[in-house]
Amino acid sequence: MIKLLFFGRLSDYSGSAPGQVELNENTATPELIRLHLSNHRDLFRELNQPQVMVAVNQQLCDWKRTLQAGDEVAFLPPVTGG
């Protein structure tokens, strides 16, 4: 089982998206999105924006990171400050 977290405006789009998903071992983050989130059209569109970052187990990482059972995957939108 992999836990999914959506922060900032991504949480607004997550609606009925699953909070946990079952995956085969050695699944990469883009595969996770394609397999489990593509039917959530607005969220899928937002997650495919180049500015969105991903963290696995509270560490920012490359989108191609291989996921393992028990991982926590957080999707982070771009943030502006002033």
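Refer to the structure printed above.
Below: a short report on this structure.

The rules we used
- Residues numbered from 1 in each chain as written.
- Predicted model: local features only at pLDDT ≥ 70, side-chain atom pairs only at ≥ 80, totals over all residues.
- Heavy atoms only, no water.
- Helix = DSSP H or I, 4+ residues; strand = E, 2+ residues; numbered from the N terminus.
- Contact = heavy atoms within 4.5 Å.
- Core = buried A, V, L, I, M, F, W, Y, C linked by side-chain atoms within 4.5 Å.
- Buried < 20%, exposed > 50% of the residue type's maximum accessible area, 1.4 Å probe, protein only.

### Quick look at the environment of Phe44
Here comes step 1: As for its position among the elements, Phe44 is in helix α3 (residues 41–47).
Here comes step 2: Remark: the alpha-carbon pair of Phe44 and Pro18, spanning 26 residues in sequence, is separated by 13 Å.
Here comes step 3: In this view, Phe44 contacts Ile33, Arg34, Leu37 and Ser38; residues no more than four positions away in its chain are not counted.

### What about the nonpolar core?
Here comes step 1: With 18 residues, the main nonpolar core has Leu4, Phe6, Leu32, Leu37, Leu47, Val73 and Phe75 as its most contacted residues.
Here comes step 2: Where this core is concerned, the elements lending two or more residues are β1 (2–6), α2 (29–36), α3, β4 (53–56) and β7 (72–76).
Here comes step 3: Take this core: its biggest share by element is three residues, from β1.
Here comes step 4: Residues within four places of Leu32 in sequence aside, it is in contact with Leu4, Val21, Leu23, Thr27, Leu37, Leu67, Val73 and Phe75.

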